[in-house]
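Observations on the model geometry
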Amino acid sequence: MKNRPALNWLVPLIIVLTLVTAGVGLFDRAGSGSFPFTTVHGEQVQMSGLGLYFYDTLFTASLSWGTDLVTLLIGLPALALSAWFAQRGSLRGGILLTGVLAYILYYGASLGLGTAYNRLFLVYIALFSASFYAFILAFTAFDLEHLAERISPRFPRRGAAIFMIVVGLGLALIWLSDAAPAALDNRPPAGLGPYTTIVTYTLDIGIIAVACFLAAFQLFRRDPMGYILSGVLNIMLVLIAAMVIGQTVMQLRAGVPLTPGEIIGKSASFVVMGGVALWLTIRFLHSVADHMHSPGETA
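Computed from a predicted structure; not experimentally measured.

**Thoughts on the overall build of the chain**
Counting its secondary structure elements, the chain contains 9 helices and 2 strands. Reading the chain from its N end, one meets helices and strands in the order α-β-β-α-α-α-α-α-α-α-α. In summary, the chain has a C-alpha radius of gyration of 20 Å against a globular reference of 19 Å for 299 residues, a match within 12%. Its C-alpha atoms give the chain principal-axis dimensions of roughly 65 × 40 × 30 Å. Sorting the 299 residues of the chain into buried and exposed places 52% on the buried side. A fraction of 73% describes how many contacts in the chain between residues 6 or more apart in sequence connect residues 24 or more apart. Total accessible area on the chain stands at roughly 14,100 Å², and carbon and sulfur atoms take up 69% of it. Positive and negative side-chain charges in the chain, numbering 16 and 14 respectively, have mean positions lying 9 Å apart.

See the structure below:
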C-alpha cells in the first residue's frame, strides 16, 4: 500500500469524534419523553422527546440509539484495530480499515444529513468531513497494478460478483418499493414523518446499490478494483447488518410498534446478507498475500 501520512492523525480524530457522537447520542436521555406532533403533510407522529434526538421521531431516534450502540461496541474497536494493522504495512489491515471507514462515513452522512438539528451538528459535519477524506485516502492507497498478484485464484470471484448484484438489487427494491409508489401518487413516503427527505434512500439507492453493481461488473472482468470495492462493501455490509440488529432491539425497547413480519423480515434479511458478507470477507482476506511487497511499495 502507498503511504498516507494524513491517516495517522485523521483516524484518531475520527475515533474521538465518533466516541463523542455515539456516546452522547446513546446515553443522553434528558427530557420528558415522547409527544405527538402533526407534520406539514397532516400526519400524526410520535416525537422522541429525549436527549440528543429530542426533535426526531421516536421511530428514528430508536434507530439512532441502535446505531450508536453498535458503533461504540463494534465500529470503534474495529476502526482502531484495523488502523493499527494497516499502519504496520498489512494489506489485510488496509482493506479492513477502508471498509470500516466506509461504515463510519455512512454513519456520519446519516447524522449530518438526516438527523434533526441538535447541539452536535458541527461535530456531525467534522465527522462526515474527516471520514470522507480518510476513506478517499485509504481507498486510493492500494497498488492496483500488483494487487492481482496477491489474490489467490481460489477466491470465489463469480460468487462474490453475484452477491454484489443481489445486494444492489435488494437495496434498490426495498427502498424503491416505498419511494416509487409515493412519487407516483404524489404523497410522502411512509417513513418521512416531519422530515423533508429520507437520506437513507439517497445513500442506499444512489451510492451503495450502484457501487455494488460496479463491483460486480469489475469482478466479472477480473479488474483489481473489483476485488477492493467488493471487499470494502462486504466489510461495510457486515457492520450494517449488526447495526440493523441493534436498531431493532432499541426500537422494541422504546416501544415502537413493529409487527412480527417487520421484525423478522427486516432483521432476518440483513442477518443473512451480513452472514454471506462476513463469509466472503473472511475468504477474501485469507486469499490475500499480506506482506508480499512489490517494488516501489511502502510498508
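Now that the structure is up, let's keep going.
**A closer look at the pairing of strand β1 (residues 35-38)**
Across 4 bridges, β1 lies against strand β2 (residues 44-47) in antiparallel orientation. Across the sheet, residue P36 finds its bridge partner in β2, namely Q46. Linking β1 to β2, which pair antiparallel, is a turn of 5 residues; within it G42 sits at a positive phi near 80°.

**Section: helix α8 (residues 224-254)**
With 31 residues, α8 extends 45 Å between its outermost C-alpha atoms, agreeing within 8% with the 45 Å of an ideal straight helix rising 1.5 Å per residue. Of all the 31 residues making up α8, 24 are buried; the element is thus mostly covered by neighbouring parts of the structure. Regarding α8, its N-cap is D223, as a side-chain oxygen of that residue lies 2.9 Å from the backbone nitrogen of M225 further along. Following α8 by one or two positions, G255 has its phi on the positive side, about 85°.

**Things to note about the packing of aromatic side chains**
In the structure shown here, the tally under the stated rule is 10 aromatic pairs. An aromatic cluster is defined as three or more aromatic residues linked by ring pairs; in this entry it consists of F35, F54 and Y55.

**Things to note about the pattern of salt bridges**
Taken as a whole, this structure holds 2 salt bridges when the rule is applied. In this structure, the salt-bridge partner of R119 is D28, at a minimum N-O distance of 2.6 Å. Separated by 91 residues along the polypeptide, R119 in the loop between α3 (91-114) and α4 (121-139) and D28 in the loop between α1 (7-27) and β1 bring together distant segments of the chain. Assessed through its relative accessible area of 61%, R119 is described here as exposed. Note that R187 and D185 form a salt bridge whose closest N and O atoms lie 3.5 Å from each other.

**Comments concerning the side chain of S230**
Within the element layout of this structure, S230 appears in helix α8. A distance of 3.2 Å separates a polar atom in the side chain of S230 from the backbone oxygen of Y227. Each residue touching S230, except ones within four places of it in the same chain, is listed here: M164, A215 and L219.

**Describing the environment of T60**
Topologically, T60 is positioned in helix α2 (residues 58-87). It is 19 Å that separates the C-alpha atoms of T60 and P260, two residues lying 200 residues apart in sequence. A polar side-chain atom of T60 sits 2.9 Å from a polar atom in the side chain of T57.

**Looking at the confidence of the model for the chain**
In this model, the chain carries an average pLDDT of 91, and 97% of its residues clear a pLDDT of 70 or more. This model gives residues 292-299 a pLDDT under 50, and the stretch forms 16 contacts once residues within four places in sequence are excluded.

Definitions and cut-offs
Residues numbered from 1 in each chain as written. Predicted model: local features only at pLDDT ≥ 70, side-chain atom pairs only at ≥ 80, totals over all residues. Heavy atoms only, no water. Helix = DSSP H or I, 4+ residues; strand = E, 2+ residues; numbered from the N terminus. Rg over C-alpha atoms; globule rule 2.2 N^0.38 Å. Buried < 20%, exposed > 50% of the residue type's maximum accessible area, 1.4 Å probe, protein only. Contact = heavy atoms within 4.5 Å. Areas by Shrake-Rupley, 256 points an atom, 1.4 Å probe, with all protein chains shown as cover. Lys, Arg positive; Asp, Glu negative; His and termini not counted. Charge placed at Lys NZ, Arg CZ, Asp CG, Glu CD. Pairing = 2+ DSSP bridges. Expected span 1.5 Å × (residues − 1). Polar contact = N/O pair within 3.5 Å; in protein donor to acceptor, adjacent residues only side chain to side chain. Phe/Tyr/Trp six-rings, centres within 6.5 Å; stacked < 30°, edge-to-face > 60°. Salt bridge = Lys/Arg side-chain N within 4 Å of Asp/Glu carboxyl O. pLDDT = per-residue confidence, 0-100.

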